[in-house]
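Each chain, written out:
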Amino acid sequence: MLAFALKRLGLTLLVLVSVSIITFSLVRLAGDPAIALAGPEATSEEVEAVRTAYGFDRPLPAQYATWLGDVLKGDLGFSNILQRPVLEVVMERLPVTAKLAGLSVLFALIIAIPLGVVAAAKRNTIIDRLALSIAVVGQALPNFFFALVLILVLGVGLRWLPISGDKTFLHYIMPAIALGYFATPAIMRLTRAGMIEVLDSDYIRTARAMGLPRSRVVMKHALRNALIPVVSLTAVQLGFMLSGSIIVESVFSMNGIGRLGWQSIQRTDLEVMQALVLIISVIYLALNYMADLLNGLLDPRLRVQ
Amino acid sequence: MSLLNVENLTIDIAHPRGTLHAVRGVSFHVEKGETLCIVGESGCGKSLTSHALLGLSPRVAKVEAGALSFDGTDLRRLKERQWQKLRGLKMSMIFQDPMTSLNPSFTIGSLLEEVYMRHHPGGRSAARARAIEILKKVGMSNAEERLHQYPHQLSGGLRQRVMIAMGLICGPDLLIADEPTTALDVNIQLQILRLMQQLKEEMGLGIIFVTHDLGLVARFADRVAVMYAGRIVETAPVAELFANPCHPYTRALINCIPVPGKTRPGEPLGAIPGVVPSLIGPQSGCAFRDRCAHATPLCARALERKRDGAAHVYECHYTPEETAA
């Protein structure tokens, strides 16, 4: 298991290096950073002064090395627009999005996995169709619309939940449902397909032939094997939610990184945008790495070469 | 009283073009400490029959029987929960492909212990001790270490031994083996057969051995039931069957086996002309008649069982003398 974990870690680090190069280049390619920094009314002398002051006249590899060194030290740059260190700005917002994404995935899993299991166990019956339609509605509705429906019903109509902000746990419930519901069909379908395949397998027949009760056959022998692909998908979905929460965060006025990203684009705050891309990529890779480890624990065959 | 008694077992499967009569009135019995080999080609219904004995028929199959009793229990009346208590404890089953028949996610130890604890509630330590004991019994060296290994770490032969150990861990009276050696190398096949033979003698086990390989039947069976197109066409003690086959199909099958010293090199092996008839829709008469060299219009009429000695039964309108080539 240790060899497996180290090998995967090595691969993850390689991808991370590529991501850092791409992130770095994107900002340099997006236009002349010196002009952007100096502002629209600057004279060409002023632009040149900014260029020298920030080192934009040096060769790109040298600039990359300096930038990477800073990043590794935890210095993600300084936002001239907000007049604050970028790391501070991002870290202030990250917990909101992390909580939202975590709750959303939890909601998606709680809905999707039982639906998938039931649909597989009762395949091609009315229960199967019903389970599928419950999941599919989540994908059919655009999530801003679904969010608005939730606000109208649970917030305005029934007055059960607060409709905007991120102060308390209650504030997270509707956004998490809106965001998480979108991920349910994919997880549910994969669980269903996996369960159907596994339930037809020879080792399930063995388990039944040895007298194990049906519940145990389904929940232990089948589900564990069917969940292996679901783990990877969930990691990807969680990553999507981190970066894709822009709409939901806006609708519910939550100060997460999705909203921060949107604001930074509007005010061309390159430093913050670059930091967000990098941080989201790192989180994404970390999630995938964790999914690999979890799969290694679930499937002993992955551990050996 | 027989350990297992099956009378007039039929299995029908709904099919878009009509009912598929996969098993059409099969009767046999197995005694304690006896090996019954059910032999036949692919699709003759032998696997469906063996699965039905454990209540493991596919959901689409409609299983009926005049009698289906095991150790005094009427299996036809069992509810799923009662089946679960019987399976693994009193009768169990091992399968063809040991590569896919063991759950890849669990260690050998946890697979074995789970079966034992299912039928003997109590501590894990008793189950562990029993798992080690049964692994030793099926001839696995380093039994304690094997407990911590996963199926993919074992060879096919060893996996089949684990499969047998799972089947026998609760000391059942009947073991149903559905082509347990088909997926194995020939030398491993022999090891597994010897093992089953030895376990049968030690544990007084009744065995139903399902196979398409008459060569294995000759080595291993006490009695043989030859299946064709959903019927048992002939059943006899093994020596009697090979010495005096009464049904043209049995004879044709035996002729397909090359005999060292007798079959000359380069001589084409015997093959049965034609194909197995479709079992969809109503069936009548002898199913083998389209492929039989001795068939006459009489063969389309309803069959009756004939005896040739006390334990030798066959279904043919003609006597062995009349159909001898």
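Below is a short write-up of the structure. (Residues numbered from 1 in each chain as written. Chains lettered and ligands numbered in written order. Predicted model: local features only at pLDDT ≥ 70, side-chain atom pairs only at ≥ 80, totals over all residues. Heavy atoms only, no water.)

Okay, the overall build of chain B next. Scanning chain B for helices and strands turns up eleven helices and 13 strands. What you see for chain B is a C-alpha radius of gyration of 21 Å, in line with the 20 Å of a compact globule of 325 residues. Reported as C-alpha extents along the three principal axes, the dimensions of chain B are approximately 65 × 50 × 40 Å. Relative to its full complement of 325 residues, chain B shows a buried share of 54%. Contacts in chain B between residues at least 24 apart in sequence constitute 65% of all its contacts with a sequence separation of at least 6. (Helix = DSSP H or I, 4+ residues; strand = E, 2+ residues; numbered from the N terminus. Rg over C-alpha atoms; globule rule 2.2 N^0.38 Å. Buried < 20%, exposed > 50% of the residue type's maximum accessible area, 1.4 Å probe, protein only. Contact = heavy atoms within 4.5 Å.)

Let us look at the packing of helix α1 (residues 2–29) of chain A against helix α14 (residues 270–298) of chain A. Residue and element names in this part refer to chain A. Orientation of α1 relative to α14, taken along the N-to-C sense of each, is 165 degrees, at an axis distance of 10 Å. As the angle between them shows, α1 and α14 are arranged roughly antiparallel. Read as a crossing pair, α1 and α14 show a hand that is right-handed. Looking at side-chain class alone, the contact of α1 with α14 contains 15 nonpolar, six polar and three charged residues. (Axes fitted to C-alpha atoms, helices over the stretch in contact; angles between N-to-C directions. Parallel < 35°, antiparallel > 145°, perpendicular 65-115°, else oblique. Left-handed = near helix turned anticlockwise from the far one by under 90°. Nonpolar A, V, L, I, M, F, W, Y, C, P; charged D, E, K, R; others polar.)

Residues and elements named next belong to chain B. In this fold, Glu304 is placed in the loop between α10 (248–255) and β12 (306–307). On the basis of relative accessibility, which here comes to 55%, the residue Glu304 falls in the exposed class. In this structure the C-alpha to C-alpha distance between Glu304 and Gly285, which are 19 residues apart in sequence, comes to 9.4 Å. If sequence neighbours within four positions are ignored, Glu304 has contacts with Tyr314, Glu315 and Cys316.

The next thing to look at is the layout of surface pockets. Taken as a whole, the largest pocket holds about 1,100 Å³ of empty space. Every residue lining the largest pocket is counted, 38 residues in all, and those nearest its centre are A:Arg208, B:Leu56, B:Ser57, B:Pro58 and B:Arg59. Going through the elements one at a time, α5 (86–121), α10 (202–209) and α11 (214–243) of chain A together with α1 (46–53), β4 (61–64) and α2 (80–86) of chain B are the ones with two or more residues in the lining of the largest pocket. A class-by-class count of the residues in the lining of the largest pocket yields 20 nonpolar, six polar and twelve charged. Of the pockets and cavities examined, the second largest pocket occupies roughly 690 Å³. (1 Å grid on protein atoms, 1.4 Å probe; cavity = no way out; pocket = protein on both sides within 12 Å on 5 of 7 lines; lining within 4 Å. Points joined across faces, edges and corners; volume = space filled by probe spheres on them.)

Positive phi is not limited to glycine here, since A:Ser253 has a value of about 50 degrees. Within the fold, A:Ser253 resides in the loop between α12 (246–251) and α13 (257–266). In this structure A:Ser253 comes out as partly exposed when scored by relative accessible area, which is 31%. Here the phi dihedral of B:Ala229 falls at roughly 50 degrees; this positive angle occurs in a residue that is not glycine. The topology assignment puts B:Ala229 in the loop between β10 (223–228) and β11 (231–237). According to the relative accessible area criterion, B:Ala229 is buried, its value standing at 1%.

Our next topic: the interface of chain A and chain B. In this assembly, 22 residues from chain A lie in contact with 31 residues from chain B. Between chain A and chain B, roughly 2,300 Å² of surface is buried when both sides are summed, and carbon and sulfur atoms account for 56% of that area. Considering only the surface of chain A that becomes buried against chain B, A:Arg205, A:Arg208 and A:Met210 emerge as the three largest contributors, covering 26% of it. At the boundary of chain A with chain B, the tally comes to two salt bridges. In this structure, A:Arg216 and B:Glu114 form a salt bridge, with 2.5 Å as the shortest nitrogen-oxygen distance. Our count for the contact surface shared by chain A and chain B stands at eleven residue pairs in polar contact (both at pLDDT 80 or more). Split into classes, the residues belonging to the side of chain A that touches chain B amount to nine nonpolar, four polar and nine charged. (Buried area = accessible area lost by both parts, 1.4 Å probe. Salt bridge = Lys/Arg side-chain N within 4 Å of Asp/Glu carboxyl O. Polar contact = N/O pair within 3.5 Å; in protein donor to acceptor, adjacent residues only side chain to side chain.)

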